[in-house]
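# Architecture at a glance
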Amino acid sequence: MKDHELIYEEWKIPFYNSIHLGEGTILSEDKNGMFLKDGCGVYMLYQPDPIQCERWLRNLDPQAIEIMMILGNETKETVDKVFGFQNVSKCESFYWPFESIDPLASNLVFHHATLEDLPWIQAHYELLDQEEIKEYLQQKLICIATKNQKKIGFVGQHSEGSMGLLYVSEQFRHQGYAQELERFMIKRMLEQDLIPYADVFDNNKASIHLQQKIGMKRMEQPVFWVENS
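Residues numbered from 1 in each chain as written. Predicted model: local features only at pLDDT ≥ 70, side-chain atom pairs only at ≥ 80, totals over all residues. Heavy atoms only, no water.

Here we come to the overall build of the chain. Within the chain one finds seven helices and twelve strands. Here the chain has a C-alpha radius of gyration of 18 Å; the compact-globule value for 229 residues is 17 Å, and the two agree. A sequence separation of at least 24 residues applies to 64% of the contacts in the chain between residues at least 6 apart. In the form shown here, the chain has an accessible surface area of approximately 11900 Å², with 46% of it arising from carbon and sulfur atoms. Where the 22 positive side-chain charges of the chain centre and where its 35 negative ones centre are 4 Å apart. (Helix = DSSP H or I, 4+ residues; strand = E, 2+ residues; numbered from the N terminus. Rg over C-alpha atoms; globule rule 2.2 N^0.38 Å. Contact = heavy atoms within 4.5 Å. Areas by Shrake-Rupley, 256 points an atom, 1.4 Å probe, with all protein chains shown as cover. Lys, Arg positive; Asp, Glu negative; His and termini not counted. Charge placed at Lys NZ, Arg CZ, Asp CG, Glu CD.)

This is the structure:
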């Protein structure tokens, strides 16, 4: 059974995971927010105070930013003012608010994906390029679920500490496997002393419904992902 619900300062969750993984370098912080650069090059920012947020950003060359996670509407307004990025995707964030999770109900078998699985994963996941997927495979961040030696799907953990990369083969959909894949990843992250959370595109209604059905809690603040290419 799940333990009592945990109370977090929600904005700290992605920063905690990055730092706990030994990947995050804090660039600026105060009691209200943090500016961090992850080991994979992702900038992560939350600072609702526009004056402080602008002060932090003025020290940064926008050309150095390839990918940036912006937490909260107030933070995004300041980033827009300072940098005016164009390629921005809005997400809803969900996190697992408990210390544990009930055992999996299915008899799926999980194993780490290898380079032999690269073509299959790349064919079904478009948000990472081939080299990025290779790096994830080398870091053992993607797991494949099988049943009776048939590939059911895969799920993974992004290098900055969120979970995602969820895919279920078409012939196995609508059978509860998406829930089991995500529950497996929640358990795996809890075992690493991480807080399981996921960023979901705000127009991905199916994934949002999945998070709610599993018992994930929606964060109050939206998340914005910038690709500054």
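From this point on, the discussion continues.
Two strands pair when backbone bridges link them, and strand E5 (residues 88-95) and strand E12 (residues 223-227) are joined in this way by four bridges, in the antiparallel orientation. Note that in E12 the partner of Val 88 across the bridge is Val 226. With two bridges connecting them, E5 and strand E11 (residues 217-218) associate as antiparallel partners. Residue pairing for E11: Phe 94 is matched across the bridge by Arg 218. (Pairing = 2+ DSSP bridges.)

Below, the discussion takes up the packing of helix H2 (residues 50-58) against helix H3 (residues 73-82). Orientation of H2 relative to H3, taken along the N-to-C sense of each, is 45 degrees, at an axis distance of 9 Å. Relative to H3, the element H2 lies oblique. Pair H2 / H3 crosses with right-handed handedness. Taking contact as the criterion, the partners of Pro 50, Cys 53, Glu 54, Leu 57 and Arg 58 in H2 are, on H3, Thr 75, Thr 78, Val 79, Lys 81 and Val 82. Per-class residue counts for the contact of H2 with H3 are five nonpolar, two polar and three charged. (Axes fitted to C-alpha atoms, helices over the stretch in contact; angles between N-to-C directions. Parallel < 35°, antiparallel > 145°, perpendicular 65-115°, else oblique. Left-handed = near helix turned anticlockwise from the far one by under 90°. Nonpolar A, V, L, I, M, F, W, Y, C, P; charged D, E, K, R; others polar.)

Their axes nearest at 10 Å, the elements helix H6 (residues 177-191) and helix H7 (residues 205-214) cross at an angle of 65 degrees. Judged by the twist between their axes, the crossing of H6 over H7 is right-handed. Residue-level contacts link Ala 178, Gln 179, Glu 182, Arg 183 and Ile 186 of H6 to Leu 210, Gln 211, Lys 213 and Ile 214 of H7.

Right, let's talk about a negative patch on the surface for a bit. A surface patch of like charges, here negative, comprises Asp 129, Glu 132, Glu 135 and Glu 227. In this structure, Glu 132 sits in helix H5 (residues 130-138). (Patch = residues over 30% accessible without salt bridge, like charges linked within 9 Å, V, L, I, M, F, W, Y side chains within 5 Å. Salt bridge = Lys/Arg side-chain N within 4 Å of Asp/Glu carboxyl O.)

Let's shift gears to the nonpolar core. Proteins that are soluble and globular tend to have nonpolar side chains buried together. Counting residues in each nonpolar core, the largest one holds 26 residues, and the members touching the most others are Trp 96, Met 163, Ile 186 and Met 216. Sorting the residues of this core by element identifies strand E7 (142-147), strand E8 (150-157), strand E9 (163-168), H6, strand E10 (197-201) and H7 as the ones contributing at least two each. The leading source of residues in this core is H6, at six residues. Judged by nonpolar contacts, the second largest core, of 17 residues, contains Leu 36, Tyr 46, Tyr 95 and Tyr 197. (Core = buried A, V, L, I, M, F, W, Y, C linked by side-chain atoms within 4.5 Å. Buried < 20%, exposed > 50% of the residue type's maximum accessible area, 1.4 Å probe, protein only.)

This part takes up the sheet that holds E9. With respect to topology, four strands assemble into an open sheet ordered E6-E7-E8-E9, the strand pairing being antiparallel. At either end of the open sheet lies a strand with only one pairing partner, and these are strand E6 (109-112) and E9. Here the strands of the sheet are splayed against their neighbours by 25 degrees on average, with no regard to which way each runs. Strand direction decides the pairing type here: E7 and E8, joined by six bridges, are antiparallel. Looking at the pairing, Ile 142 lines up with Gly 156 of E8.

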